[in-house]
Amino acid sequence: MSGVLVVMEQRDGNWNRMSFEALTAGQQLAAKLGVECSAIVMGDGVGSLAVEVSSKKLAKIIAIEHTLLKAYTSDAYVAALDQAVKQAAPAYVIFPHTYQVRDFAPALATRFRSVLISDVIAMHDGPVFVRQLLQGKLNADYRHTAAGPCFVSIQAGTFRGDAVEAGTAAVETFAPTLDAAQIRNKPGELFRESAQTVDLSAAPVIVSVGRGIGEQENIPLVEELAKALGAELAASRPICDNGWLPMERQVGSSGQTVSPKLYLAVGISGAIQHLVGMKGSKTVIAINKDENAPIFEVADYGVVGDLFVIVPALTKAVLAARG
Ligand code: FAD
């Protein structure tokens, strides 16, 4: 067994953007190991998506095609990937840690008498995969020693989707043997997410506010800083849960994933559910009165102090600098 195989995710012909983060992870792992990286895209009529990925540095892109893969079901995905992985015989199978992957990948790994090393936040030589335990209080190292492929899913924002190396890849089609009778799941109507009026994922600068702001009446303080910087305003979950800002401005595991050039976190502690949504930011500045706040671990610049003193002074300085 050798090589790295990345399983990409699409729905109705649209990529899940975390697929490209997984692709970067796969390419970097393959480079470390000195082996080839390939990718899989699966569904019904995914040829054009496969061609799109053929401009990436991959040995090949395998398009798994079957009418029973049109709508997602865990049974069909496990059965199809079981066959494709056996044929490709990779040493590592990499997934983006999406909701869909959480649903089917452990069952797939079990077919290979293995487990899924899930929600990985870093890879070191070895290779060693790092995942968090106890709500992010501990980092644990995992190394795969058993025979058979090692299955790994990558946490959102761990690798940059725009860092996938370009190249050329051959496109191969794989037709799995699937039988409708073996699929126990009956896909229902898709859950419709509320229409988002703010696309934070495209914002180059974000000022994000957390519970440190204290009360809804204080939000304009941070709003003014965002305005001065020409930034989008975002928030941690408690702010949106309280209705102080609309839900569509929430960043994190149950909100939006953002990767701006600058993320300014104001009065945000840095809980893991928040970090997964913003750690892909190029530069992070944190303002927090607690010097031990976990946000400082991901911050490039940290200001330990009272936001009610620092934010108005910063707004004033930005406005003065702009003239
Ligand atoms: P806190 O953790 O209360 O932190 C407030 C911070 O403000 C503290 O660090 C404090 O030192 C600082 N502070 C207080 N006063 C001042 C001051 N005057 N000046 C400067 N600093 C000050 N959270 C998200 O953000 N996004 C999600 O998508 C999300 N999804 C979740 C999903 C699940 C299933 C669960 C269980 C939780 C989720 N959470 C999410 C919640 C998450 O666990 C945290 O509770 C939340 O992120 C904390 O928000 P916070 O940092 O604003 O508040």
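Located above this text is the structure these notes cover.
Structural notes, computed from the coordinates. Here the structure is a predicted model, which means the values were calculated and not measured. (Residues numbered from 1 in each chain as written. Predicted model: local features only at pLDDT ≥ 70, side-chain atom pairs only at ≥ 80, totals over all residues. Heavy atoms only, no water.)

1. Quick look at the pairing of strand 5 (residues 60-65)
Moving residue by residue along a regular strand, the side chains alternate between the two faces of the sheet. Inclusion rule: Pairing between two strands requires that DSSP report at least two bridges joining them. Only DSSP runs of H or I covering at least 4 residues are called helices, and only runs of E covering at least 2 are called strands; the numbering of each starts at the N terminus. The definition of a right-handed crossover adopted here requires that, viewed with the strands pointing away, the path from the first strand over the helix to the second runs clockwise.
The sheet contact formed by strand 4 (residues 37-43) and strand 5 spans five bridges and is parallel. Note that in strand 5 the partner of Ile40 across the bridge is Ile62. A crossover links strand 4 with its parallel partner strand 5, the connecting element being helix 2 (residues 47-53), and its sense is right-handed. Bridging between strand 5 and strand 11 (residues 170-174) involves five bridges; their strand directions are parallel. Paired with Ala63 across the bridge in strand 11 is Thr173.

2. Some remarks on the sheet that holds strand 1 (residues 4-7)
Heads up, the condition is: Axis definition: a line fitted to C-alpha atoms, limited for helices to the stretch in contact. Angles are taken between N-to-C directions and run from 0 to 180 degrees. By definition, residues are in contact when any of their heavy atoms lie within 4.5 Å.
The strand order across the open sheet formed by nine strands is 9-8-7-10-6-1-4-5-11, and the pairing between neighbours is mixed. Looking at which strands have only one partner, the edges of the open sheet turn out to be strand 9 (138-142) and strand 11. When strand polarity is set aside, the average angle formed by the axes of neighbouring strands in this sheet is 35 degrees. Where strand 8 (residues 128-133) meets strand 9, five bridges bridge the pair, whose relative direction is antiparallel. When the sheet's bridge partners are listed, Leu133 is paired in strand 9 with Leu138. Running at roughly 155 degrees to strand 4, helix 3 (residues 74-88) makes contact with strand 1, strand 4, strand 5, strand 6 (92-96) and strand 11 of the sheet. Packing against the sheet, helix 4 (residues 99-111) makes contact with strand 6, strand 7 (116-124) and strand 10 (150-154), and its axis sits at approximately 165 degrees to strand 6.

3. Some details on the packing of helix 5 (residues 219-229) against helix 9 (residues 307-322)
Filter applied, for reference: Oblique is the label for every angle not falling under 35 degrees (roughly parallel), over 145 degrees (roughly antiparallel), or within 65 to 115 degrees (roughly perpendicular). Should the near helix be turned anticlockwise from the far one by less than a right angle, the crossing is termed left-handed; should it be turned clockwise, right-handed. Each residue gets one label: Ala, Val, Leu, Ile, Met, Phe, Trp, Tyr, Cys and Pro are nonpolar, Asp, Glu, Lys and Arg are charged, and the others, such as Gly, are polar.
Between helix 5 and helix 9, the least distance of the axes is 9 Å, while the angle of their chain directions is 25 degrees. In terms of orientation, helix 5 lies roughly parallel with respect to helix 9. Here helix 5 runs over helix 9; the crossing is left-handed. Where helix 5 approaches helix 9, its residues Leu221, Val222, Glu224, Leu225, Lys227, Ala228 and Leu229 are matched on the opposing element by Leu307, Phe308, Val311, Pro312, Leu314, Thr315, Val318, Leu319 and Arg322. Grouping the amino acids of the contact of helix 5 with helix 9 by side-chain chemistry returns 12 nonpolar, one polar and three charged.

4. As for the sheet that holds strand 14 (residues 262-266)
Taken in spatial order, the five strands of this open sheet run 13-12-14-15-16, and their pairing is parallel. Taken across any chain shown, the strands that pair with only one partner, and hence form the sheet edges, are strand 13 (232-235) and strand 16 (301-304). Between one strand and the next, the sheet's axes are offset by a mean angle of 15 degrees, whatever the strand orientation. Inspection of the sheet shows strand 14 paired to strand 15 (residues 283-288) by five bridges, in the parallel sense. Opposite Leu264, over in strand 15, you have Ile285 as the bridge partner. This element, helix 5, spans strand 12 (205-209), strand 13 and strand 14 of the sheet and lies at about 175 degrees to strand 12.

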